[in-house]
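# Tertiary structure, described
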Amino acid sequence: MIQPVEGKTNLVVKRDGRTEEYDPQKMRKVILWASNNSEHFTNALLDAINIKIHNRIKIDKLYDEVIATASNLISDLYPQWETIAKNLYLLKLHKDLGVKRTEYPPYDDIVSANVAYGYYDRSHPFLTDTNISILDKVINPDYDNLFSFGGLNLHVQKYCKKTKGRLLELPQHVYMRIAIHLMHKDGIQAVIDKYIQLATHSVTEATPKVVNSLMPNAALFSCCLVRPSDSQEGINESINMLTKESKYSGGCAWDASLIRAPGAAVEGNKGSSGGAIPYIQGLQWLMSGYNQGNTRSSACIVTFDSFHYQSPELSLLKHESGKDEDRARKLQYSVKWRPELSRAIKANEDIYLIDPHKTSDLFESYGSEWKELYDKYIKNPHIHKRKYNARELAHNFTVTTADTGNLYYFFPDNANEQDIGAGHVPASNLCQEMMMSYDPIVQTSATLSNSESHFTFSGDIALCNLASINLMAWTKLSSPEEKYNFMYLLVRSADNAIDNSFYINPLGKKHSENHRNLGIGTSNYANFLASNRALWNSATARKLTHELYEELSFYAIKSSIQLAKEKSRCPVFNDTKWAQGLFPHELSKLGKSDSHLNYPLLMDWESLRPDLLKYGIRNSRLLAIAPTATSGKVINATEGVDAPRRFKKIEEGTYSLPFVVPNLRENREYYQLMFSIANKDVIELAAIRQKFLCMGQSVSLAYESLTSAYEHVSNIILAEELGLKTIYYSYTKKASLDEVEEEEEGCESCGS
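These numbers were taken from a predicted model, which means no experiment stands behind them. (Residues numbered from 1 in each chain as written. Predicted model: local features only at pLDDT ≥ 70, side-chain atom pairs only at ≥ 80, totals over all residues. Heavy atoms only, no water.)

## Let's talk about the overall build of the chain
- Check the secondary structure of the chain and you find 30 helices and 25 strands.
- With respect to the three principal axes, the spread of C-alpha positions in the chain is 90 × 70 × 55 Å.
- In the chain, which comprises 752 residues, the share counted as buried stands at 61%.
- In the chain, once contacts between residues fewer than 6 apart in sequence are set aside, the share between residues at least 24 apart is 76%.
- In the form shown here, the chain has an accessible surface area of approximately 29000 Å², with 49% of it arising from carbon and sulfur atoms. (Helix = DSSP H or I, 4+ residues; strand = E, 2+ residues; numbered from the N terminus. Buried < 20%, exposed > 50% of the residue type's maximum accessible area, 1.4 Å probe, protein only. Contact = heavy atoms within 4.5 Å. Areas by Shrake-Rupley, 256 points an atom, 1.4 Å probe, with all protein chains shown as cover.)

## Quick notes on the sheet that holds strand β3 (residues 57–58)
- Taken together, the 3 strands give an open sheet; going across it, the order is β2-β1-β3, and neighbouring strands pair in mixed fashion. Both outer strands of the open sheet, β2 (19–21) and β3, are each paired with one neighbouring strand and no more.
- In this structure, strand β1 (residues 11–13) lies alongside β3, joined through 2 bridges in parallel fashion. Bridging from a neighbouring strand, V12 pairs with I57 of β3. (Pairing = 2+ DSSP bridges.)

## Some remarks on the layout of surface pockets
- The volume enclosed by the largest pocket comes to roughly 870 Å³.
- Looking at the largest pocket, it is lined by 34 residues, and the ones nearest its centre are S148, N636, V661, P662 and N663.
- Mapped by element, the contributors of at least two residues to the lining of the largest pocket are α4 (80–96), α19 (471–474), β22 (657–660) and α27 (664–667).
- Its residues assigned to classes, the lining of the largest pocket comprises 14 nonpolar, 12 polar and 8 charged. (1 Å grid on protein atoms, 1.4 Å probe; cavity = no way out; pocket = protein on both sides within 12 Å on 5 of 7 lines; lining within 4 Å. Points joined across faces, edges and corners; volume = space filled by probe spheres on them. Nonpolar A, V, L, I, M, F, W, Y, C, P; charged D, E, K, R; others polar.)

## Notes on the packing of aromatic side chains
- Under the counting rule described, the total for this entry stands at 28 aromatic pairs.
- A ring pair is formed by F647 and Y671, whose centres lie 6.3 Å apart and whose planes are at 65°; its orientation type is edge-to-face. Of the two residues, F647 sits in the loop between α26 (629–634) and β21 (648–651) while Y671 sits in the loop between α27 and α28 (679–690), which places them 24 residues apart along the sequence.
- By relative accessible area, F647 is classed as partly exposed at 21%.
- An aromatic cluster is built from W474, F486, F554, Y555, F583 and W605, whose rings are joined through pairwise contacts.
- Sitting over the ring of Y525, R689 keeps its end group 4.8 Å from the ring centre. (Phe/Tyr/Trp six-rings, centres within 6.5 Å; stacked < 30°, edge-to-face > 60°. Lys NZ or Arg CZ within 6 Å of the ring centre and 35° of its normal.)

## Overview of the pattern of salt bridges
- Scanning the model with the defined rule gives 40 salt bridges in all.
- Where K194 meets E205, a salt bridge forms, and the shortest distance between an N and an O atom there is 2.9 Å. Of this pair, K194 sits in helix α9 (residues 188–199) while E205 sits in strand β6 (residues 203–205), and the two are 11 residues apart along the sequence. Of the two residues, K194 and E205, both sit in the buried class.
- Residues K543 and E547 are paired through a salt bridge, measuring 2.6 Å at the closest nitrogen-oxygen approach. With K543 and E547 both in helix α23 (residues 539–566) and 4 residues apart, the pair spans about one turn of that helix.
- In this structure K543 comes out as partly exposed when scored by relative accessible area, which is 42%.
- Counted as one network, the salt bridges with shared partners bring together R15, D60, D64, K92 and D96. (Salt bridge = Lys/Arg side-chain N within 4 Å of Asp/Glu carboxyl O.)

## Notes on the environment of L518
- Locating L518 in the fold gives a position in the loop between α21 (506–515) and β20 (519–523).
- Counting along the chain gives 20 residues from L518 to I498, while the straight-line C-alpha distance between them is 9.0 Å.
- Beyond its immediate chain neighbours, meaning those up to four positions away, L518 contacts M434, N465, V491, A494, D495, I498, N619, R621, L622, L623 and M695.

## Let's talk about α21
- Taken together, the buried positions of α21 are occupied by L507, G508, H511, S512 and H515. Considered in projection along α21, the buried side chains sweep an arc of 130° and stay on one side of the axis.
- Of the surrounding elements, those touching the buried residues of α21 are α11 (232–246), β17 (452–458), β18 (462–463) and α20 (480–500).
- R516 occupies a position one or two residues after α21 and carries a positive phi of about 50°. (Arc of directions from axis to C-beta.)

## A closer look at the state of the cysteines
- Under the defined criterion, the tally for this structure stands at 0 disulfides.
- Take C300: it sits in no disulfide, and the sulfur closest to it among the cysteines is that of C252, at 5.3 Å.
- With no disulfide of its own, C464 lies 4.6 Å from the sulfur of C223, the closest cysteine sulfur. (Disulfide = S-S within 2.5 Å.)

## Overview of the packing of α23 against α28
- At a minimum axis separation of 9 Å, α23 and α28 run at an interaxial angle of 20°. The orientation of α23 relative to α28 falls into the category roughly parallel. Judged by the sense of rotation from one axis to the other, the crossing of α23 with α28 is right-handed. Residues A541, R542, T545, H546 and Y549 of α23 form the contact with α28, whose own contacting residues are E684, L685, I688 and R689.
- A breakdown of the residues in the contact of α23 with α28 according to their chemical character gives 4 nonpolar, 2 polar and 3 charged. (Axes fitted to C-alpha atoms, helices over the stretch in contact; angles between N-to-C directions. Parallel < 35°, antiparallel > 145°, perpendicular 65-115°, else oblique. Left-handed = near helix turned anticlockwise from the far one by under 90°.)

## Concerning the nonpolar core
- The biggest cluster of nonpolar side chains holds 240 residues, and the ones touching the most others in it are W254, I280 and W337.
- Considering each element in turn, this core owes the most residues, 11 residues, to α23.
- Those residues in contact with I280 that lie beyond four places of it in its chain are W254, A256, V302, L314, L317, A328, L331 and Y333. (Core = buried A, V, L, I, M, F, W, Y, C linked by side-chain atoms within 4.5 Å.)

## Thoughts on the confidence of the model for the chain
- Per-residue confidence for the chain gives a mean pLDDT of 93, with 95% of residues at or over 70.
- Throughout residues 1–5 the model reports pLDDT below 50, and contacts reaching past four residues in sequence, or to other chains, amount to 12 contacts. (pLDDT = per-residue confidence, 0-100.)

## A short note on the pairing of strand β16 (residues 442–449)
- Summarising the sheet, β16 and β17 pair through 7 bridges and their orientation is antiparallel. Residue pairing for β17: T447 is matched across the bridge by H454.
- Between β16 and the antiparallel strand that follows it, β17, lie 2 residues; N450 among them carries a positive phi value of about 50°.

Below, the structure written as structure tokens:
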């Protein structure tokens, strides 16, 4: 039975089991410290928690009650409660590790504890007594003050190592751990520089880097892209590869475009194929059998071609209606949208949906080559195909989007014609920002030796290597030298991740080392626009975006050229368009047009071209903008390049965690919610950014009510015409925001 404190003797159970009488004056001192000596807030909090204190309350529970009460009082009128809740939470974390609220435990103690529990690799060459002693003096507890209360709690829950509820790290230890893993081969000063870059919230790293750094077998990649050949062996092995990659915290992407249609002949037994859907349903259940560090289930996206024979049926696999045996709702889906589909929709014509069996070259091509093959196959009476009205197919896509918010769009022509890297880009990743070339998985041999079977496979596993720049930190850099040094450190650390990662499969290692793809993106774009008093439909926003992303592209490319000088160019360099002395903006669809979205170039691109041709470039692809769903919240940044869906969100748990868009009080007039912005403006700003990106971006659209297929399809066609490579979520108020956000959390490995 709960007993009020007043007039009662209430005992508090300490962490070691001892009890002591609850002392209101002692609690007053704690809250005074947390409130910066405000008597008003101290008295208010003491009054609010009084009824919650009962006899033999555990000290952890007591702190939780005080923190939760302060958190519940956070409002626009009284933002001071945010600081009070954060300070109290920091105090609790420090108490959990047995140190004073203004101190961090000795770094040697943290390293030893994490080694003992198997979280740090005991054999890591950098963890010497000398280095640990130096880094102990570098770790700065004051950087914890940069967190919001919600961001700090999220960081601790997602990233800090724990065992049986016991905390083994504080936030600055996490940042130091990442810095060591990425930069240890470059010396201790490089580790320190990277630590500061992370601790000041200037950049964020993708979740697998944050979670796995310094662990034994540390896999650092966010997403794994695999596609099967049209064979039983290729299909089964590609799925096997995905499940193994997922075990180490990566998201998964599987391109089903080459799998033959139902009824197609199966060699060897005079049977017929069941089509792609049974394999997709099998993939769904296999992926759900894995979880990543007991934090979430595996996440996977399936991509299919709009001209695939089963495209109408594949587009409905996520749909809410229908029998479970006809659906595979736990997966995400992306459709390849080709220019011929746009043309047929405008003309209200039928298209032919074609069986990939014996026509795989059609599904591996784009542009004029694709059109020539398409025209050839639709005239061939021996090719399995069917007519389907283009508008009806687009309506199928819209229905799934309206009901679930989930059907992504990949534009293969834009992805390949604007690609600066080597090889064919068949599909994108789970969050639709990475555009990498990778070959299908093919069995090359099967042998039996001493009663043991041996199988070998060729093909590629493409891995996503993500990091993001906090645009509000970038805009504080004043000189070209500062900007170059900032970007060089980020590019070098991302490049180091390729060499410092554990690889589950040698095909992934081979692909990563040959292409050395990076995915450097940005977060806090909506905050950037609001802070510059630029509405999304304004010429100011368009001009600022052009200048910003040109600058980011310039310094990223300059840094990668410098790394090629210091180390070596990527092995596939001669097969890239870099080798022709070209830059991404010179390949862009927008850049080649006379659109009003183009602005004069401001960077000295000609200064880079001679060294690009002489030394090459270290990374075949450099820039891709991830959604940053989790990492953006951690540093109190708006997510990726999207506008916020709400100004304030409360996440319930031990505490009510408020997440308020940054600088809202100062910039409320210029902040816009996603549903209030015209999709045309979102697409045009995305097209400007795309001009300077090697790969793609996680761009989402939003509809108050998606009742018109015409509206949705018109936006998709506009995005394709302006050169976007993908469309990510299409939010609707019918598709619950909370449901969509749960899906995004499952995709948080891309949350760089």
